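Results of the structural survey
Listed here are the chains, written in short residue letters.
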Amino acid sequence: MKKYEKILKEKEEVWAPFTQERVGFLEMLLEVTKIMDKRRFNIDMNELNISEKAPGKPTVEINGHLRSKSGTEHFKPFKELLKRFENSALLKIKGDYDERLTEEKGVEFTITLE
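Now for a quick tour of the structure.

Thresholds applied
Residues numbered from 1 in each chain as written. Predicted model: local features only at pLDDT ≥ 70, side-chain atom pairs only at ≥ 80, totals over all residues. Heavy atoms only, no water. Salt bridge = Lys/Arg side-chain N within 4 Å of Asp/Glu carboxyl O. Helix = DSSP H or I, 4+ residues; strand = E, 2+ residues; numbered from the N terminus. Buried < 20%, exposed > 50% of the residue type's maximum accessible area, 1.4 Å probe, protein only. Expected span 1.5 Å × (residues − 1). Arc of directions from axis to C-beta.

**Topic: the pattern of salt bridges**
This structure, assessed with the given rule, holds seven salt bridges. Of the charged contacts, one joins Glu80 and Arg40 as a salt bridge, the two residues approaching to 3.1 Å between their closest N and O atoms. Of this pair, Glu80 sits in helix α3 (residues 75–86) while Arg40 sits in the loop between α2 (20–35) and β1 (42–54), placing them 40 residues apart in sequence. Taking relative accessible area as the criterion, Glu80 reaches 33% and is therefore assigned partly exposed. Of the charged contacts, one joins Glu108 and Arg100 as a salt bridge, the two residues approaching to 3.8 Å between their closest N and O atoms. Taking the relative accessible area as the measure of exposure, Glu108 reaches 18% and is therefore buried. Where salt bridges share partners, they join Asp98, Arg100 and Glu108 into one cluster.

In structure tokens form, the structure reads like this:
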């Protein structure tokens, strides 16, 4: 029986990256892409990190900047972006986010999602 348990464990390790748990990362990436729609927002990502600090609890950290299409009132589309994250069924803003207004890039931000 131990022999078969060992074989089963080896097979599970081989197939683990293709299980539903790993699809969660792809689903999260798709959701981020839908929310941060380039057609809707003048937005650029400097960095996107997806990690799993706790088993089954992936975290997404986004660092980027957003400018209004009119070139003024940069916080208005940023608030719309935050609302889209709040309305997401898959991702929720974790804790506080960092936002700062710059002349050349509009609103620079860092948001953590889970």
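**Some thoughts on α3**
The α-helix advances 3.6 residues per turn, and as a result positions three or four apart in sequence lie on the same side. Spanning twelve residues, α3 covers 16 Å between terminal C-alpha atoms, matching the ideal 16 Å at 1.5 Å per step. Turning to α3, its buried residues are Pro77, Phe78, Leu81, Leu82 and Phe85. Along α3, the residues classed as buried sweep out an arc of 150 degrees about the axis, all on the same side.

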